[in-house]
Amino acid sequence: MSEHIVELLANEGVFVGLAKQNLLFHQCLCELIDNAIAAVEKDAYRGSYKKFQVDVIFIRPHEKDYEFIDLYIVDNCKGMGLETLKDALQLGKPPTTDNRLNEHGFGLKNALATLSGGNNWWKLWTKSPSENKIYSVEGPFRPEMLIQDDDTFPEEPFIPTDSSTIIKVCVRLSFIQTVQGRGAPSKDLSRLRDWLIEHLGVLYRGYLEQDKDTYDSSGVIRVSIDNNTVSVPPVPVPIGNMTTEYIHVELGGQTYKLQYQFGTLDEVRRDELVKREKAKYYYQKNMPTQGIDIRLGKRVIATHQFETIWKTESGGEVTRLSRDPHYNDFVGELLIPDLPRGVLTTVNNKTDFNLDDPGWQRIFDELNKHRPTKEIRNRSESVLKDRWRKRIISTNPEDEVSKEINVWGTGTRIDIYRKTADGKIIIYELKVGSAHPLHLYQLKMYWDGLVLNGEQPREAVLLVEDFNTALESMANKMNEVLIPPAGSNPYNFKVEKLKDKEL
């Protein structure tokens, strides 16, 4: 019997196939942004990492109707020398850094092959950190790649002056449109940028938000259309009535403490989540976006996870817990500390967990002890009402306190009705999350209904987790200018925080 050696080559066909993994536009960008953040330099004097800056730049052609956009991804991080660039071009080459954002050795190739529409043209320039040279290489990917060692950065007015790596790729508009979650594909780049900013704000919020130790962000991501630039804000999970659980899991031979935060979707915060605008893709109070995000270090690696985590047992058979409209208000986030690369792995394109990694199963087994609650908003508000009723009774046992008072003859029930020992009536509306103007009008409806029933409320209090000064001003304005029903006391609406009542 003879043996024959086959030498496997990564030819153009391999990269064409690599581009067919159903990656979306923002997922490709994340691979390149991950590479930039992983290459952040250390400050020689302070010992801490410098702040990164990543610019995503769309350059539109002059034609009114266009099919392609020139995309630039520019960063101010470390840059690459010749050997590092060679390694970066190798398919599956182990990363040269210990940063877990460089996990597989596929990201750059996968992203550029996909962005270019199936392994077409692209170009990369990078400044060597140790030599006065700018290296460049251009696609498509093929068995032999030519690196130039005497290139110059493109002379474009929109490219930041402190750049270290620049990538240019021509992208179909139809592929950029994959950032959208719903609706007819938009040809308006400004609208597409809004979708992209939301994605990046969610996935990189740990880097963009203020660090609890340094009181500063790790860096800046900006998205430009020609010379119109918008910074990406951190986009947190809008959790109301948040509960925090700590779980301990052994990973890679060491025990780590993970923080699990969950609660009710705060729709008021959600509607101002992205630069004072409503989130359009995430946290939509529907089945696809119910569940929790998972953050590993500062990078959100998975969003709206549900059936991957929780399981149910029936008749000795274990099945995944199914999504259900009753869970639409359930949101949360699992915070995992920064771990060494190789612990808790993902699939090669970093769009999902590597479920063959036993560490993930250990985490999910622990999370399964904290199962999501159906109708969590109703249950949370019901608990709040019970607690507030008991608290009033414990301190004012002579007061009449009820959750059963109806008005308007329609079964409309006041959250908490309180009549003090000296006959003063106070009504309360309790809400999970942030205050909304409609909540004040609910109180007004209760007040007017009581007056029609022949009762005279003296005070109406909206108890919420948080509120802004505009809502407080609205309550004061209602007290000043609205005319109550004939025979009523003057309106007296107030907004207070649950925590001030120890709720």
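Preceding this paragraph is the structure being described.
Caption draft 1: Spotlight on the packing of helix H11 (residues 437–452) against helix H12 (residues 469–481). Remark: H11 packs on H12, axes separated minimally by 10 Å, with the N-to-C direction vectors making an angle of 30°. With respect to their mutual orientation, H11 and H12 come out roughly parallel. In this structure, H11 meets H12 at a crossing whose hand is right-handed. Only Leu471, Met474, Ala475 and Met478 of H12 make contact with H11, whose side of the interface consists of Pro437, Leu440, Tyr441 and Lys444. Its residues placed into classes, the contact of H11 with H12 shows seven nonpolar, no polar and one charged.

Caption draft 2: A look at the side chain of Lys168. In this fold, Lys168 is placed in strand E6 (residues 165–172). At a separation of 3.4 Å, a polar atom in the side chain of Lys168 contacts the side chain of Tyr72. Residues within four places of Lys168 in sequence aside, it is in contact with Asp70, Leu71, Tyr72, Trp121, Trp122, Lys123 and Trp125.

Caption draft 3: Structural detail: the pattern of salt bridges. Across all of its chains, the model carries 35 salt bridges by this definition. In this structure, Asp151 engages Lys123 in a salt bridge whose closest nitrogen and oxygen atoms are separated by 3.2 Å. Highlighted residues: Asp151 in the loop between strand E5 (147–148) and E6 and Lys123 in strand E3 (residues 122–127), separated in sequence by 28 residues. Overall, Lys123 belongs to the buried group, its relative accessible area being 15%. With a closest N to O distance of 3.4 Å, Asp466 and Lys497 form a salt bridge. Of the two residues, Asp466 sits in the loop between strand E21 (457–464) and H12 while Lys497 sits in strand E22 (residues 493–497), which places them 31 residues apart along the sequence. Under the relative-accessibility criterion, Lys497 is labelled partly exposed at 22%. Connected through salt bridges with shared partners, the residues Glu267, Arg270, Asp271, Lys285, Asp329 and Arg377 form a single ionic network.

Caption draft 4: Here's a closer look at H11. In this model, H11 (16 residues) spans 23 Å end to end at C-alpha, consistent with the 22 Å of a helix rising 1.5 Å per residue. Of the positions making up H11, those classed as buried are His439, Leu440, Leu443, Lys444, Tyr446, Trp447, Asp448, Gly449, Leu450 and Val451. The positive-phi residue at the C-terminal boundary of H11 is Gly454, with phi of around 90°.

Caption draft 5: Structural context of the packing of aromatic side chains. Using the criterion set out here, one finds 18 aromatic pairs in the structure. Aromatic pair Trp447 and Phe493: ring centres 5.7 Å apart, planes at 55°, arrangement tilted. Placement of the pair is Trp447 in helix H11 and Phe493 in strand E22, with a sequence separation of 46 residues. Residues Trp447 and Phe493 agree in their burial class; the two are buried. Through successive ring pairs, a cluster of aromatic residues spans Trp195, Tyr281, Tyr282 and Tyr283. The aromatic ring of Tyr246 is capped on one face by Lys257, whose charged end is 5.0 Å from the ring centroid. Stacked on the ring of Phe467, the Lys or Arg Lys497 has its end atom at 5.7 Å from the ring centre.

Caption draft 6: Looking closely at H12. The end-to-end C-alpha separation of H12 is 18 Å, in line with the 18 Å expected for 13 residues at 1.5 Å each. Within H12 the residues assigned to the buried category are Leu471, Ala475 and Met478. Angular distribution of buried residues about the axis of H12 spans 60°; they occupy a single face of the element. Across H12 from its buried face, at more than 90 degrees, point the exposed residues Thr469, Ala470 and Glu480.

Caption draft 7: Highlighting the sheet that holds strand E15 (residues 330–336). Read across the open sheet, the five strands follow the order E9-E10-E15-E11-E12; overall the sheet is mixed. Each end of this open sheet is capped by a strand with a single partner; those strands are strand E9 (239–251) and strand E12 (299–305). The sheet shows a mean angle of 15° between the axes of neighbouring strands, taken without regard to direction. Examined bridge by bridge, E9 and strand E10 (residues 254–265) share eleven bridges and lie antiparallel to one another. Bridging across to E10, His248 finds its partner in Lys257.

Caption draft 8: Focus on the sheet that holds strand E4 (residues 134–138). Read from one edge of the open sheet, eight strands run E5-E4-E3-E6-E2-E1-E7-E8, paired in mixed fashion. Edge strands, defined here as strands with exactly one partner in the open sheet, are E5 and strand E8 (228–231). Sheet topology places E3 next to E4; five bridges connect them, and they run antiparallel. If you follow Thr126 over to E4, its bridge partner there is Tyr135. On top of the sheet, helix H2 (residues 25–38) reaches strand E1 (52–59), strand E2 (68–75), E6 and strand E7 (219–225); it is set at about 145° to E1, its chief contact.

Caption draft 9: Main features of unusual backbone geometry. Of note, the amide linkage connecting Gly139 to Pro140 takes the cis form, showing an omega dihedral of 15°. One can find Pro140 in the loop between E4 and E5. The phi dihedral of Arg276 is positive, around 70°, even though this residue is not glycine. Mapped onto the elements, Arg276 comes out in the loop between helix H8 (267–270) and strand E11 (291–296). In this structure Arg276 comes out as exposed when scored by relative accessible area, which is 64%. The phi angle at His304 is positive, at roughly 35°, despite the residue not being glycine.

Caption draft 10: Representation of the packing of H2 against helix H4 (residues 107–115). At their nearest, the axes of H2 and H4 sit 9 Å apart, and the two run at 145° to each other. In this structure, H2 meets H4 at a crossing whose hand is left-handed. Note on element contacts: H4 touches H2 through Gly107, Leu108, Ala111, Leu112, Thr114 and Leu115, opposite Phe25, Cys28, Glu31, Leu32 and Asn35. The residue inventory of the contact of H2 with H4, partitioned by class, reads seven nonpolar, three polar and one charged.

Caption draft 11: Local environment of the environment of Gly449. Topologically, Gly449 is positioned in helix H11. The exposure class assigned to Gly449 is buried, which follows from its relative accessible area of 0%. Considering only alpha carbons, one finds Gly449 and Phe25, 424 residues apart in sequence, at a separation of 53 Å. Gly449 has contacts with Val407 and Trp408, leaving out every residue within four places of it along the chain.

Procedures and definitions
- Residues numbered from 1 in each chain as written.
- Predicted model: local features only at pLDDT ≥ 70, side-chain atom pairs only at ≥ 80, totals over all residues.
- Heavy atoms only, no water.
- Axes fitted to C-alpha atoms, helices over the stretch in contact; angles between N-to-C directions.
- Helix = DSSP H or I, 4+ residues; strand = E, 2+ residues; numbered from the N terminus.
- Parallel < 35°, antiparallel > 145°, perpendicular 65-115°, else oblique.
- Left-handed = near helix turned anticlockwise from the far one by under 90°.
- Contact = heavy atoms within 4.5 Å.
- Nonpolar A, V, L, I, M, F, W, Y, C, P; charged D, E, K, R; others polar.
- Polar contact = N/O pair within 3.5 Å; in protein donor to acceptor, adjacent residues only side chain to side chain.
- Salt bridge = Lys/Arg side-chain N within 4 Å of Asp/Glu carboxyl O.
- Buried < 20%, exposed > 50% of the residue type's maximum accessible area, 1.4 Å probe, protein only.
- Expected span 1.5 Å × (residues − 1).
- Phe/Tyr/Trp six-rings, centres within 6.5 Å; stacked < 30°, edge-to-face > 60°.
- Lys NZ or Arg CZ within 6 Å of the ring centre and 35° of its normal.
- Arc of directions from axis to C-beta.
- Pairing = 2+ DSSP bridges.

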